[in-house]
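Here's the letter readout for the chains.
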Amino acid sequence: MKIITNATVITVNEQNEVIYNGAVGFDGGKITYVGKTPEDLSAYDEIIDGTNKYLMPGLINTHGHVGMSLLRGFADDLPLKQWLEEKMWPMEGQFTKEHVKWGTAISIIEMIRTGTTTFVDMYDHMDTVAQEVEASGMRGVLCRGVIGFCSEEERQQKLQEAASFASRWNGAANGRIHTMMSPHAPYTCSPEYIQQILEKAIELNVPLHIHMSESKAEVEQNVQDYGVRPVAHLENLGVFNHPTLVAHAVHLTDEEIDTLAKYDVKVAHNPISNLKLASGVARVPEMLAKGVCVSLATDSSASNNNLNLFEELKLAAILHKGVSYDPEVVPAEEALRMATRYAADAVFQKESLGSLEVGKKADMIMLNAAQAHLQPANDPISHVVYAANGYDVTDTIVDGHFLMKDKELITMDEQQAIAEVNRVFALLKQ
Ligand SMILES: CSC[C@H]1O[C@@H](n2cnc3c(O)ncnc32)[C@H](O)[C@@H]1O
Ligand SMILES: [Zn+2]
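Quick caveat: nothing in here was measured; it's all calculated off a predicted structure. (Residues numbered from 1 in each chain as written. Chains lettered and ligands numbered in written order. Predicted model: local features only at pLDDT ≥ 70, side-chain atom pairs only at ≥ 80, totals over all residues. Heavy atoms only, no water.)

Enumeration according to the criterion identifies 27 salt bridges in this entry. In this structure, Lys-53 engages Asp-406 in a salt bridge whose closest nitrogen and oxygen atoms are separated by 3.8 Å. Remark: Asp-406 occurs in the loop between β17 (401-405) and β18 (408-409) and Lys-53 occurs in strand β5 (residues 53-57); sequence separation between them is 353 residues. For Lys-53, a relative accessible area of 13% gives the class buried. Exposure remark for Asp-406: the relative accessible area of 56% places this residue in the exposed category. (Salt bridge = Lys/Arg side-chain N within 4 Å of Asp/Glu carboxyl O. Helix = DSSP H or I, 4+ residues; strand = E, 2+ residues; numbered from the N terminus. Buried < 20%, exposed > 50% of the residue type's maximum accessible area, 1.4 Å probe, protein only.)

Encoded structure:
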């Protein structure tokens, strides 16, 4: 049994408790104690001093494409459609397993360093991504993203590959890997194809993950092609009768927000990617007010351009204030829940992730609170959301195992990943 003592514990439990001189005990990957630092520590065989540290749940990044870190800085300052069609897809078409391996490795290193303990990933070469998750000790919710712009034979092959991946890896790595099925978007998959993917998801009992209503142009195209906007389109196809996580959900009407609430559709909000691709600003306060589960995500390093979820945390808390002229929307505690508790719900693991509570998984991070930019030490949640940054994280723990201890990576070789990612990037034709 291990225990972290003398820390400021930000539990993100239902009461939003912060425990000063607090401690968290854990054993076999699960939290066994949360409270004040006990006088008697004799039951514990490892005592970790958390003096001058914030101890909080690891962040959960609910949408991204980790292999795309290989394309960081490759194509900036373009709108979504042009960025995808002219820049991303031609490069991704050349990707081998090796490209995805090293793109994934640098992404995982960045996430461990900046306090993310679970990430959602939709991509190709997913066996490679899953192997990196397994080896690194991270937690992943993974899916083979499927685009239908190809022959019928290839479409069926991709569907089989996605289903095979979802069934082989679900529950792997001591339960650290969960899987989903993923039609990329309503504009890249026909209605028939989306339904076939949905049927597989139902058969395999895994959730569905899809990009939806990201740009105005996408919504207009959907109306032209199918006579309805993407939300009604997916509702009509029966998608929302199944557990679903949608990425973006930027362009929504009031009625569409009601629909998402009615079906308990989970939303991954990607504020930086949406701003950078000039897609717009999601109606987060309205969604939260109607009870939609809104979580936080980075999307990929090709549109963000990093995977530091602390940036989303601060932006989610301030962006919607500015847009609505209302400083009371998305308060700091709510933004923190979007990156933890609500995100656990968004990946259908709210019973085991998202807060520091007895019985939940020991996925947690520590931040160095003894720094000038986090003084005076008056409001830990405010400081984490508005003043801290991802590189204040000193320790990252997943399933009770340290992936970073006192800033030192335990499971990943950063220098090797830096060398290899540059080597394989140079093999691509631009
Ligand atoms: C089929 S694998 C995933 C696929 O998604 C593409 N992608 C990356 N970011 C976005 C985004 O913001 N909207 C839509 N699609 C995106 C990526 O390039 C892969 O091809
Ligand atoms: Zn995406």
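What follows deals with the packing of aromatic side chains. Evaluated as defined, the whole model comprises three aromatic pairs. Centre to centre, the rings of Phe-165 and Trp-169 are 6.4 Å apart; their planes meet at 35 degrees, and the pair counts as tilted. Of this pair, Phe-165 and Trp-169 both sit in helix α4 (residues 152-169), separated by four residues, roughly a single helical turn. Ring centres of Phe-240 and Tyr-263 lie 6.0 Å apart, and the angle between their planes is 50 degrees; on these two criteria the pair is classed as tilted. With a gap of 23 residues between them, Phe-240 in the loop between α8 (230-236) and β12 (244-248) and Tyr-263 in the loop between α9 (254-262) and β13 (266-269) connect regions that are remote in the sequence. Classification of Phe-240 as buried rests on a relative accessible area of 2%. (Phe/Tyr/Trp six-rings, centres within 6.5 Å; stacked < 30°, edge-to-face > 60°.)

Cis rather than trans, the peptide bond between Asn-304 and Asn-305 has omega equal to 10 degrees. Here Asn-305 is to be found in the loop between β14 (294-296) and α12 (309-324). Cis geometry is found at the peptide bond from Gln-375 to Pro-376, where omega equals -10 degrees. With respect to the element layout, Pro-376 can be found in the loop between β15 (364-368) and α15 (380-387). Residue Asn-205 is not a glycine yet carries a positive backbone phi of 55 degrees. Within the element layout of this structure, Asn-205 appears in the loop between α6 (191-204) and β11 (208-212). What makes Asn-205 exposed here is its relative accessible area of 65%. We note that His-248 has phi near 90 degrees; this positive angle belongs to a residue other than glycine. Of note, His-248 is situated in strand β12.

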